[in-house]
Amino acid sequence: MKSLVFLLLVTVASARVYQRCEWARILKNNGMAATTVSLEFLHYKRTLSSSWGNSLFSNVSIMKSLVFLLLVTVASARVYERCEWARLLKSEGMDGYRGISLADWVCLTKWESKYNTETTHHNSDGSTDYGIFQINSRWWCTDGRTSSANGCNIRCSELLTDNVGLAINCAKRVVRDPNGIRAWVAWRDHCAGHDLSSYVAGCGV
């Protein structure tokens, strides 16, 4: 995936057509195995060729397709800036929800995911934590692999997109349980009992 994204970025940035060896040297200088990139691109070419026919596999068609794939890749996940995330949480009614301060929420998500909606973590019990809040698949969402209570009535994959409203609603559901915000290990380890003012400082909230 990383090599494909690099290929897309280079292609989108310029209309230049590289010679084979020139392109191979560029890939090597960027730490990319030529075999891996060649296989990925050849697979992509075969897919396009079978769908559109060889006659339509032109430079223009490739360019349009690569731009589309790049946009889809970028749009599927998001890493928030601290203040941007704090303002969004406040707008979603998280400040003071169940007695939990906005700073607590920002601290929690900093240590759970670094504000990255695409974060996943595999646990020793076979469950997986998903998204910006690291929601657990055994209790709160279903991923088709873990036996789940699915307390949020949601697919875990829905927690990995930039539609964070779903993740926020699920986090609200989690803290309505008796454990409250203590359900998150990162909050217990890094936020509980600490001065958290720095997490919302300068954010205008």
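Below you will find a few notes about this structure. Every chain's residues receive numbers from 1 upward, in the order its sequence appears when written. Thresholds applied to this predicted model are a pLDDT of at least 70 for local features of residues and 80 or more for the giving and counting of side-chain atom pairs; totals over whole chains, interfaces and linings are not thresholded and use all residues. Side-chain calculation: all heavy atoms of the structure are included, whereas hydrogens and water are not.

## What about the overall build of the chain?
Okay, so step 1: If you tally the helices and strands in the chain, you get eight helices and three strands.
Okay, so step 2: Helix and strand assignments follow DSSP, with helices taken as H or I runs no shorter than four residues and strands as E runs no shorter than two, numbered in order from the N terminus. Walking the chain from its N terminus toward its C terminus, one meets helices and strands in the order α-α-α-α-α-α-β-β-β-α-α.
Okay, so step 3: Think of it in three bands: residues with accessible area under 20% of the maximum for their type are buried, residues over 50% are exposed, and the middle band is partly exposed, with areas taken using a 1.4 Å probe on protein chains only. Scored against the burial criterion, the 205 residues of the chain give a buried share of 39%.
Okay, so step 4: Within the chain, contacts between residues at least 6 apart in sequence are counted, and of these 54% link residues at least 24 apart.
Okay, so step 5: Areas reported here follow the Shrake-Rupley algorithm with a probe of radius 1.4 Å; residue values treat only the protein chains shown as occluding. Looking at the chain as shown, the accessible area adds up to about 12,000 Å², and 53% of this sits on carbon and sulfur atoms. Contact criterion: two residues are considered in contact whenever any of their non-hydrogen atoms come within 4.5 Å of each other.

## Brief notes about the packing of aromatic side chains
Okay, so step 1: For Phe, Tyr and Trp, where Trp contributes only its six-membered ring, two rings pair if their centres lie within 6.5 Å, and the inter-plane angle classes them as stacked under 30 degrees, edge-to-face over 60, or tilted in between. Summed over all chains, the structure comprises five aromatic pairs.
Okay, so step 2: Aromatic side chains Tyr 80 and Trp 85 sit 5.1 Å apart centroid to centroid with 40° between the ring planes, which places their arrangement in the tilted category. This pair shows no difference in class: Tyr 80 is buried, exactly as Trp 85 is.
Okay, so step 3: On the numbers, 5.8 Å between centres and 55° between planes, the contact of Trp 85 with Phe 133 is tilted. One end of the pair, Trp 85, is in helix H5 (residues 82–91); the other, Phe 133, is in the loop between strand S2 (128–130) and strand S3 (135–136), with 48 residues separating them in the sequence. The same class applies to Trp 85 and to Phe 133, which are both buried.

## Here's the deal with the pattern of salt bridges
Okay, so step 1: A carboxyl oxygen of Asp or Glu within 4 Å of a side-chain nitrogen of Lys or Arg is what we treat as a salt bridge. Tallied over the full model, the rule gives six salt bridges.
Okay, so step 2: A salt bridge links Asp 143 to Arg 145; the shortest N-O distance between them is 3.7 Å.
Okay, so step 3: For Arg 145, a relative accessible area of 61% corresponds to the exposed category.
Okay, so step 4: Arg 155 is the salt-bridge partner of Glu 158, the closest N and O atoms lying 4.0 Å from each other.

## Structural notes on the side chain of Asp 104
Okay, so step 1: Its location among the elements puts Asp 104 in helix H6 (residues 102–113).
Okay, so step 2: Look at Asp 104: it is buried, it has no salt bridge, and the nearest opposite charge is Arg 182 at 9.5 Å.
Okay, so step 3: Once you skip the residues sitting within four places of it in the chain, Asp 104 turns out to touch Ile 181, Trp 187 and Leu 196. This count recognises Lys and Arg as positive and Asp and Glu as negative, with His and chain-terminal groups excluded.

## Comments concerning the state of the cysteines
Note: disulfide means a covalent bond formed between the sulfur atoms of two cysteine side chains.
Okay, so step 1: Two cysteine sulfur atoms make up a disulfide if the distance between them is within 2.5 Å. The final tally for this structure, using the stated rule, is four disulfides.
Okay, so step 2: Two residues share a disulfide in this structure: Cys 141 and Cys 156, whose sulfurs sit 2.0 Å from each other. Across the S-S bond of Cys 141 and Cys 156 the torsion is about 95°, and the bridge reads as right-handed. Note that Cys 141 is positioned in the loop between S3 and helix H7 (164–175) and Cys 156 in the loop between S3 and H7, a separation of 15 residues in sequence.
Okay, so step 3: Using a relative accessible area of 0% as the deciding quantity, one classes Cys 156 as buried.
Okay, so step 4: When the bonded cysteines of the chain are numbered from the N-terminus onward, they pair as 1-8, 2-7, 3-5, 4-6.

## Some details on H7
Okay, so step 1: What a helix is expected to span follows from its residue count: subtract one and scale by 1.5 Å. With 12 residues, H7 extends 17 Å between its outermost C-alpha atoms, agreeing within 8% with the 16 Å of an ideal straight helix rising 1.5 Å per residue.
Okay, so step 2: Within H7, burial applies to Val 164, Ala 167, Ile 168, Cys 170, Ala 171, Lys 172, Val 174 and Val 175.
Okay, so step 3: Against H5, H6 and S3 lie the buried residues of H7.

## Notes on H6
Since there are 3.6 residues in each turn of an α-helix, residues three or four apart along the chain are aligned in direction.
Okay, so step 1: With 12 residues, H6 extends 16 Å from end C-alpha to end C-alpha; this agrees with the ideal 16 Å at 1.5 Å per step.
Okay, so step 2: Burial of H6 is extensive: 10 of the 12 residues sit out of reach of the surface.
Okay, so step 3: Within the sequence span of H6, burial applies to Leu 102, Ala 103, Asp 104, Trp 105, Val 106, Cys 107, Leu 108, Thr 109, Glu 112 and Ser 113.
Okay, so step 4: For H6, the elements touching its buried residues are H5, H7 and helix H8 (185–190).

## Concerning the environment of Asn 169
Okay, so step 1: Structurally, Asn 169 can be placed in helix H7.
Okay, so step 2: Each C-alpha atom of the pair Asn 169 and Glu 92 lies 8.9 Å from the other, and the pair is 77 residues apart in sequence.

That's the geometry; what it means functionally is another story.
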